[in-house]
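An overview of the molecular structure
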Amino acid sequence: PYHTPIVNLQGQYMNGKVFTKMEESLILSETLPSLQKAIIGMKENEKRRIYIHPKLFYDEDKENLGLLVIFDVEIINLDTKEKPLDHIANQNTIF
């Protein structure tokens, strides 16, 4: 399983207002559970549009309370920590 995929992600409300847009490593354990479930199982270069019910998303954002949340997600790289020690093991350095 992977835990830190690099994703291209845009989040917006149903009214079209974009609240986040990023391309970075996403730590799945620190994201919304509903977003985690949608991302797990995706393949590299796969794109998905994910709809999240307002009750599963809102905590403090009272202005947009009740609006469906939409995430467009593309997996750029499945796991940035896939083999974290490979670069050390393959060096010709003597300690």
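Residues numbered from 1 in each chain as written. Predicted model: local features only at pLDDT ≥ 70, side-chain atom pairs only at ≥ 80, totals over all residues. Heavy atoms only, no water.

Quick word on the overall build of the protein
Along the backbone of the protein there are 2 helices and 4 strands. In the protein, the order of α-helices and β-strands from amino to carboxyl end is β-β-α-β-β-α. Per-residue burial over the protein gives 32% buried out of 95 residues. Restricting to contacts in the protein with at least 6 residues of sequence separation, those with at least 24 account for 57%. A total accessible area of about 6800 Å² is found for the protein, and carbon and sulfur atoms account for 53% of it. (Helix = DSSP H or I, 4+ residues; strand = E, 2+ residues; numbered from the N terminus. Buried < 20%, exposed > 50% of the residue type's maximum accessible area, 1.4 Å probe, protein only. Contact = heavy atoms within 4.5 Å. Areas by Shrake-Rupley, 256 points an atom, 1.4 Å probe, with all protein chains shown as cover.)

Overview of the packing of aromatic side chains
If you walk through the whole model with that rule in mind, you get 2 aromatic pairs. Consider the rings of Y13 and F19, whose centres lie 4.8 Å apart with planes at 40 degrees: the pair is tilted. A relative accessible area of 30% places F19 in the partly exposed class. Taken together, the aromatic side chains of Y13, F19 and F71 make up a single cluster linked through ring pairs. (Phe/Tyr/Trp six-rings, centres within 6.5 Å; stacked < 30°, edge-to-face > 60°.)

With respect to the sheet that holds strand β3 (residues 47-52)
Within the open sheet, the 4 strands sit side by side as β2-β1-β4-β3. Their pairing is antiparallel. Looking at the sheet topology across the chains shown, the edges are occupied by β2 (18-25) and β3. The sheet shows a mean angle of 15 degrees between the axes of neighbouring strands, direction not considered. In the sheet, β3 pairs with strand β4 (residues 69-77) via 6 bridges, with the strands oriented antiparallel. From the neighbouring strand, I52 faces β4, where its bridge partner is V69. (Pairing = 2+ DSSP bridges. Axes fitted to C-alpha atoms, helices over the stretch in contact; angles between N-to-C directions.)

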